[in-house]
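Chain residues, written in single-letter form:
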Amino acid sequence: MLLQFISNLFESDESIQNPYDIVIQINDKVSPLDRRNLYMLPLHDFLTDNNYGEISGGGILKEEPGEIIFCDIHVKFHKNEISTAVLNDIINFVEICGAPKGSKIIIEKTHQEIPFGKNEGIAIYFDGENNHEKNHEDYNVDFVQSEISKLTSTSQERHWKGNATTALYFYGKSFETMKDGVSDFMHTYPLYKSARIAQIA
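Cut-offs used in this document
Residues numbered from 1 in each chain as written. Predicted model: local features only at pLDDT ≥ 70, side-chain atom pairs only at ≥ 80, totals over all residues. Heavy atoms only, no water. Buried < 20%, exposed > 50% of the residue type's maximum accessible area, 1.4 Å probe, protein only. Helix = DSSP H or I, 4+ residues; strand = E, 2+ residues; numbered from the N terminus. Pairing = 2+ DSSP bridges. Axes fitted to C-alpha atoms, helices over the stretch in contact; angles between N-to-C directions. Parallel < 35°, antiparallel > 145°, perpendicular 65-115°, else oblique. Left-handed = near helix turned anticlockwise from the far one by under 90°. Contact = heavy atoms within 4.5 Å. Nonpolar A, V, L, I, M, F, W, Y, C, P; charged D, E, K, R; others polar. Salt bridge = Lys/Arg side-chain N within 4 Å of Asp/Glu carboxyl O. Phe/Tyr/Trp six-rings, centres within 6.5 Å; stacked < 30°, edge-to-face > 60°. Lys NZ or Arg CZ within 6 Å of the ring centre and 35° of its normal. Expected span 1.5 Å × (residues − 1). Arc of directions from axis to C-beta. Polar contact = N/O pair within 3.5 Å; in protein donor to acceptor, adjacent residues only side chain to side chain.

**Brief notes about the pairing of strand E8 (residues 158-161)**
Now for step 1: Burial of the side chains of E8 is restricted to one face: Arg158 and Trp160 are buried, whereas none of His159 and Lys161 on the reverse face is.
Now for step 2: As paired strands, E8 and strand E9 (residues 165-172) are joined by four bridges and run antiparallel to one another. The partner of Arg158 across the bridge, within E9, is Tyr169.
Now for step 3: Two successive antiparallel strands, E8 and E9, enclose a turn made up of three residues.

Written out as structure tokens, the structure is:
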């Protein structure tokens, strides 16, 4: 039942998943479009240029309310043998693309997991209903996202809007540094003092 439930939540780019040798699971709450632009297209070029293989599928896993948990990319190699050198090359490249801590490669045949990732992540959760009731005009996701991005020196921000909650995600070198920047913002704008902060990578 649980596996079926998870399977139903998994959004894939393909109606049928092709065979693959590894799964690159990226601990990034990234939208399908951003996953394509930040990870899939660069990785496609990287695999092709090095004659390693090709992307054969992937998707995004969501929790029941609709918040993204992670995304993954399936890779099929041209050679039967999976070398450590090739895996390290892929890991290094995906880290350059921004893969956060908590990411991993899963080898299909052996189910071996290889953790990787360098960036840390912070999530800020706002109670949308309460904030709208307080002052609808002041609650501006774009403004909040832009200000926090400046304070935390981050880019490529993500966000998710649920029925009663809005979440903003930022990835950078240090969670503590980003948290300090977010705290400064919260003190400046009392409307957002009730926001919940969580480390996501």
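**Description of the packing of helix H5 (residues 141-152) against helix H6 (residues 175-188)**
Now for step 1: It is the contact of H5 with H6, at a shortest axis distance of 8 Å, that shows an interaxial angle of 130°. The pairing of H5 with H6 is recorded here as oblique in orientation. In the crossing of H5 with H6, the sense of the turn from one axis to the other is right-handed. In contact with Phe143, Val144, Glu147, Ile148, Leu151 and Thr152 of H5, H6 contributes Met178, Gly181, Val182 and Phe185.
Now for step 2: By residue class, the composition of the contact of H5 with H6 is seven nonpolar, two polar and one charged.

**Section: the environment of Lys193**
Now for step 1: Structurally, the position occupied by Lys193 is in the loop between H6 and strand E10 (196-199).
Now for step 2: The spacing of Lys193 and Ser183 is 10 residues in sequence and 8.6 Å in space, taken between C-alpha atoms.

**Some words on the pattern of salt bridges**
Now for step 1: On inspection of all chains with the given rule, the structure shows six salt bridges.
Now for step 2: Between Asp21 and Lys76 there is a salt bridge, with its nearest N and O atoms 3.5 Å apart. In this pair, Asp21 is assigned in the loop between strand E1 (10-12) and strand E2 (22-26) and Lys76 in strand E4 (residues 68-77), connecting sequence segments 55 residues apart.
Now for step 3: On the basis of relative accessible area, Asp21 is assigned to the buried category, the value being 12%.
Now for step 4: The partly exposed category is assigned to Lys76, whose relative accessible area is 31%.
Now for step 5: The partner of Glu120 in a salt bridge is Lys101, and the shortest N-O contact between them spans 2.8 Å. With Glu120 in strand E7 (residues 120-127) and Lys101 in the loop between helix H3 (84-96) and strand E5 (103-107), this residue pair connects regions lying 19 residues apart in the sequence.

**A look at the packing of aromatic side chains**
Now for step 1: A complete count under the given rule lists three aromatic pairs for this structure.
Now for step 2: Ring centres of Phe46 and Tyr52 lie 5.9 Å apart, and the angle between their planes is 65°; this geometry places the pair in the edge-to-face category.
Now for step 3: For Phe46, a relative accessible area of 15% gives the class buried.
Now for step 4: Note on Tyr52: relative accessible area 16%, which makes it buried.
Now for step 5: Their ring planes at 15° and their centres at 4.4 Å tell us that Phe46 and Phe93 sit as a pair that is stacked. Highlighted residues: Phe46 in helix H2 (residues 32-49) and Phe93 in helix H3, separated in sequence by 47 residues. Judged on exposure class, the residue Phe46 and its partner Phe93 are both buried.
Now for step 6: By the ring-pair criterion, three or more aromatic residues cluster together here, those being Phe46, Tyr52 and Phe93.
Now for step 7: Seen from the ring of Tyr125, Arg196 lies directly overhead, with NZ or CZ sitting 4.2 Å from the centre.

**Comments concerning H6**
Now for step 1: Along its 14 residues, H6 runs 20 Å from first to last C-alpha, staying within 8% of the 20 Å computed at 1.5 Å per residue.
Now for step 2: For H6, the set of buried residues is Phe175, Met178, Gly181, Val182, Phe185 and Met186. Along the axis of H6, the buried positions cluster into a sector of 145°, meaning they face one direction only. Seen from the buried face of H6, the exposed residues on the opposite side, beyond 90 degrees, are His187 and Thr188.
Now for step 3: Buried residues belonging to H6 abut E7, H5, E9 and E10.
Now for step 4: Sitting at the head of H6, Ser174 places a side-chain oxygen 3.4 Å from the backbone nitrogen of Glu176.

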